[in-house]
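# Report on the structure
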Amino acid sequence: MARAQLTTDFYCNSCPNVFKAVLPVVRSAIEKEARMGASLLRLFFHDCFVNGCDGSLLLDDTPTFTGEKNAVPNKNSARGFEVIDQIKAAVERECPGVVSCADVLAITSRDAVHLLGGPNWDVKLGRRDTRTASQAAANNSIPPPTSNLNQLISFFQNVGLSAKDMVALSGSHTIGQARCTSFRSRVYNETNIDASLAQTRKNNCPRTNGVGDNNLAPLDLQTPTYFDNNYYKNLLQRKGLLHSDQQLYNGGSTVSIVRTYGESQSTFANDFVNGMIKMGDIKPLTGSKGEIRKNCRSVN
Ligand code: HEM
Ligand SMILES: *[C@@H]1O[C@H](CO)[C@@H](O)[C@H](O)[C@H]1NC(C)=O
Ligand SMILES: *[C@@H]1O[C@H](CO)[C@@H](O)[C@H](O)[C@H]1NC(C)=O
């Protein structure tokens, strides 16, 4: 993997107030709708896993350009693009043409996690924006919720992340929502699920494919807008919502990591931050590669 020279002080001279421009916009978006913090965090993941953290996810489809927004993992699911537009606009007012959309995603996801009660960290910056996107790569590089443990490990290995990074980053599912279509087969057909959770989720997710597909349920049943280690506590009780979630605690090689994070908020927080920094280092465009997009939705 190309692990390039991102630095925490990249905009120190060229845009010293970039963090002050981003934070209030993230804060007001979360005040308006707490789920938005989760949605923004997920955008960074879905950007980084597809040919690196290069803003490719943010490009809109046009009659002559196919972006990633309609790829299987994103369609009817990835959200928060209007908030990214607002953040980018605030950053452009502060320092026009300086800060990439890829870096906006990195700063935004850090702020979202911290505002929801999670850890804070220094984000590495200096990514540039791609002029291309790949719907095929988006279809193939982001793990689906039907994945088993070996598949999850290999999706992460493909971008240079370890099984431990995979378990720590999955703790993101302590916030946010999933659609019925993402958990239907788990709640109707699986046996390694808490019976009362399965019943509760069935109540708002009809068995028939195509019926109620977009009905939402929280990934963490207790505190879906608070970034804590409840995700792992749920797994210990067979209360993971997605098939892929429960795979982390189903007798395989990752059970001890899940136990550790379920018992220690601080170990989880530490490994999550390390994982986010590693994920943010996936194949960035640096130097004179790519561009600094003016509008995150289209190439300059
Ligand atoms: C380990 C493999 C992963 C799988 C299989 C997976 C799958 C999913 C699925 C299916 C959803 C629900 C989408 C929907 O129904 O609309 C979801 C939501 C979410 N995912 Fe993941 N995910 C994984 C890892 C991650 C990682 C690494 C992050 C962040 C670092 C992340 C952050 C989120 C967040 C925050 C949400 C909620 C989004 C919202 O409410 O808008 N996920 N994920
Ligand atoms: C992505 O997957 C969808 C659904 O299978 C398919 O319609 C689309 O053509 C795929 N895109 C590419 C570029 O392979
Ligand atoms: C449950 O499994 C059966 C047998 O494989 C399948 O026909 C059915 O569609 C599944 N139901 C759901 C809701 O996934």
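Residues numbered from 1 in each chain as written. Chains lettered and ligands numbered in written order. Predicted model: local features only at pLDDT ≥ 70, side-chain atom pairs only at ≥ 80, totals over all residues. Heavy atoms only, no water.

## Here's the deal with the state of the cysteines
Working definition of a disulfide: a covalent bond connecting the sulfur atoms of two cysteines. Applied cut-off: Any two cysteine sulfur atoms lying within 2.5 Å of each other are counted as a disulfide.
Counted according to the given criterion, the structure contains four disulfides. For the chain, the bonded cysteines connect in the pattern 1-4, 2-3, 5-8, 6-7 when numbered consecutively along the sequence.

## Focus: the domain arrangement of the chain
To be explicit about the condition: Here the bounds of each domain stem from an automatic or database domain assignment. Should any heavy atoms of two residues lie within 4.5 Å, those residues are counted as being in contact. Two parts placed together each lose some accessible area under a 1.4 Å probe, and adding up what both lose gives the buried area. One side-chain nitrogen of Lys or Arg within 4 Å of one carboxyl oxygen of Asp or Glu is enough to make a salt bridge. In the analysis that follows, any N or O atom pair within 3.5 Å is treated as a polar contact, provided that within protein one partner can donate a hydrogen and the other can accept it, and provided that, for residues neighboring in sequence, both atoms belong to side chains. Secondary structure elements follow DSSP: runs of H or I of four or more residues count as helices, runs of E of two or more count as strands, with numbering from the N terminus. Gly is put with the polar residues, along with every residue not named as nonpolar or charged; the nonpolar set is Ala, Val, Leu, Ile, Met, Phe, Trp, Tyr, Cys and Pro, and the charged set is Asp, Glu, Lys and Arg.
Under the domain assignment used here, the chain contains domain 1 (2-142) and domain 2 (149-274). Facing the 21 residues of domain 1 at the interface are 18 residues of domain 2. Of the roughly 1,500 Å² buried between domain 1 and domain 2, counting both surfaces, carbon and sulfur atoms make up 71%. Among the residues of domain 1 in contact with domain 2, Arg-35, Phe-49 and Leu-116 are the three that bury the most area, contributing 34% of the side total. At the boundary of domain 1 with domain 2, the tally comes to zero salt bridges. One can count one residue pair in polar contact (both at pLDDT 80 or more) joining domain 1 with domain 2. Every element with two or more residues in the side of domain 1 that touches domain 2 is listed here: α2 (35-48) and α5 (135-141). Of the residues in the side of domain 1 that touches domain 2, the class split is 10 nonpolar, eight polar and three charged.

## Side note on the site of ligand 3
Going by this rule: Throughout, the term near means that a residue has one or more heavy atoms lying within 4 Å of the molecule or strand in question. In this description, accessible areas are obtained by the Shrake-Rupley approach with a 1.4 Å probe, and a residue is regarded as covered only by the protein chains that are shown.
Taken together, Arg-184, Ser-185, Tyr-188, Asn-189 and Arg-207 are the residues near ligand 3. The side chain of Asn-189 places a nitrogen or oxygen atom 2.3 Å from an oxygen atom of ligand 3. When ligand 3 sits alone it has 370 Å² of accessible area, and the protein chains cover 40% of it. Across the shell around ligand 3, the residue classes tally to one nonpolar, two polar and two charged.

## Regarding the site of ligand 2
Contacts to ligand 2 come from Val-72, Gln-135, Ala-136 and Asn-139. For ligand 2, a nitrogen atom lies 2.7 Å from a polar atom in the side chain of Gln-135. Separating an oxygen atom of ligand 2 from a side-chain N or O atom of Asn-139 is a distance of 2.3 Å. Taken by itself ligand 2 offers 360 Å² of open surface, and the protein chains cover 37% of this. Its residues placed into classes, the shell around ligand 2 shows two nonpolar, two polar and no charged.

## Notes on empty space enclosed by the protein
What counts here: Note on definitions: the grid is 1 Å and covers protein atoms alone; a cavity is a set of points where a 1.4 Å probe fits but cannot get out; a pocket is an open set with protein on both sides within 12 Å along at least five of seven lines; lining residues have an atom within 4 Å of a point. Grid points are joined across faces, edges and corners, and a volume is the space filled by probe spheres set on the points.
Enumeration over the complete set of coordinates arrives at one cavity of 30 Å³ or more. In this model, the largest cavity occupies a volume close to 80 Å³. Looking at the largest cavity, the residues that line it are Phe-44, Ala-106, Ser-109, Trp-121, Asp-122, Val-123, Lys-124, Arg-127, Met-276, Ile-277 and Gly-280. Tallying contributions element by element places helix α13 (residues 265-280) first for the lining of the largest cavity, with three residues.

## A few points about unusual backbone geometry
The line we're drawing: Relative accessibility thresholds used throughout: buried, under 20% of the residue-type maximum; exposed, over 50%; partly exposed, between the two (1.4 Å probe, protein chains only).
A positive phi angle, near 60°, is found at Arg-238, a position not held by glycine. Tracing the backbone through its elements, the reader meets Arg-238 in the loop between α10 (230-236) and α11 (243-247). Unlike most non-glycine residues, Lys-283 shows phi in positive territory, near 35°. In this structure, Lys-283 sits in the segment after α13. Of the residues examined, Lys-283 reaches a relative accessible area of 37% and is grouped as partly exposed.

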